[in-house]
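Now for the letters of each chain:
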Amino acid sequence: MSDPTALGVFGLAMVTFVAASAKLHWTNGVTFIVPWAIFLGSAAQIWASTIDFKKNNYFGAIVLGAYGLFWMAVAMHWAISLGWFGAIDMSKADPRQFGVACVGYTIFSLFIMVAAFEANKVFGAILLLINVLLPSLALASFGINPALFGDLAAWSELGISLLGFYAAGAVFLNSFFGRVILPLGAPLGLIKKGSAQAIAAAAK
């Protein structure tokens, strides 16, 4: 079974590239970002996640699945905000809930970042930027210096996109040619992996 990582990472790169264009005011609005969030940010990553589950690739399965679901939720958030499902009763809608979700994803992403740096340096750098993007979105959503944190979110999202394009290209070319064409950077090697038996024993 083929490695789906390139497709999943490409999906992340594409949706963050389009979303960053709006945050940086290169484009306007989010209406036409919704399809990219659904099909590239969500469907591509979730599909890649299911393949990784079948291949017992724990890292890819969890990471691509978690962020694929994130982008589906973001797409629904935008669609509801745009009134696609009818008028919104603002007395029952609090935009700060998106910020709360970003805080939750930040907590999760900190754990993922530790593992990402033990996969390769490019994945680690992507997760580092994700851990800048998510709290920046949260703080802007809470109304805390939205100009500053909005800009920080925009540039970190663009950085995620560009690194994502490189990572997707590297995984594709390296897999296709069966050797390293574009390096992803060796793992940091700071944390030693244990055996499956040791992990199972520690969980008891």
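In case you missed it, the structure is sitting above this.
Residues numbered from 1 in each chain as written. Predicted model: local features only at pLDDT ≥ 70, side-chain atom pairs only at ≥ 80, totals over all residues. Heavy atoms only, no water.

Enquirer: Outline helix H5 (residues 121-141), listing residues and values.
Expert: With 21 residues, H5 extends 30 Å between its outermost C-alpha atoms, agreeing within 8% with the 30 Å of an ideal straight helix rising 1.5 Å per residue. Those residues of H5 that sit buried are Val122, Phe123, Gly124, Ile126, Leu127, Ile130, Asn131, Leu133, Leu134, Ser136, Leu137 and Ala138. Residues of H5 that are buried sit in contact with helix H1 (5-23), helix H3 (58-81), helix H4 (96-117) and helix H6 (146-177). With a side-chain oxygen positioned 3.2 Å from the backbone nitrogen of Val122, the residue opening H5 is Asn120. Within two residues after H5, Gly143 carries a phi angle of roughly 85 degrees, on the positive side. (Helix = DSSP H or I, 4+ residues; strand = E, 2+ residues; numbered from the N terminus. Expected span 1.5 Å × (residues − 1). Buried < 20%, exposed > 50% of the residue type's maximum accessible area, 1.4 Å probe, protein only. Contact = heavy atoms within 4.5 Å. Polar contact = N/O pair within 3.5 Å; in protein donor to acceptor, adjacent residues only side chain to side chain.)

Enquirer: I'd like to hear about the packing of aromatic side chains, residue by residue, with values.
Expert: Within this structure, the stated rule accounts for ten aromatic pairs. Consider the rings of Phe59 and Phe123, whose centres lie 6.4 Å apart with planes at 10 degrees: the pair is stacked. Here Phe123 lies in helix H5 and Phe59 lies in helix H3, a separation of 64 residues in the sequence. Classification of Phe123 by relative accessible area gives buried; the value is 14%. Of the aromatic side chains, those joined through ring pairs into one cluster are Tyr67, Phe70, Trp71, Trp78, Tyr105 and Phe108. (Phe/Tyr/Trp six-rings, centres within 6.5 Å; stacked < 30°, edge-to-face > 60°.)

Enquirer: Talk me through the packing of H4 against H5; I want residue IDs and the actual numbers.
Expert: One way to put it is that H4 packs onto H5 with a least axis distance of 8 Å and a crossing angle of 160 degrees. Judged by the inter-axis angle, H4 sits roughly antiparallel to H5. Read as a crossing pair, H4 and H5 show a hand that is left-handed. Split by residue class, the contact of H4 with H5 holds 18 nonpolar, six polar and two charged. (Axes fitted to C-alpha atoms, helices over the stretch in contact; angles between N-to-C directions. Parallel < 35°, antiparallel > 145°, perpendicular 65-115°, else oblique. Left-handed = near helix turned anticlockwise from the far one by under 90°. Nonpolar A, V, L, I, M, F, W, Y, C, P; charged D, E, K, R; others polar.)

Enquirer: Tell me about the side chain of Glu157, residues and numbers included.
Expert: Locating Glu157 in the fold gives a position in helix H6. Relative accessible area serves as the criterion here: at 1%, Glu157 is assigned to the buried category. Leaving out residues up to four positions away in the same chain, Glu157 has contacts with Thr16, Ala19, Ala20, Lys23, Trp71 and Leu133.

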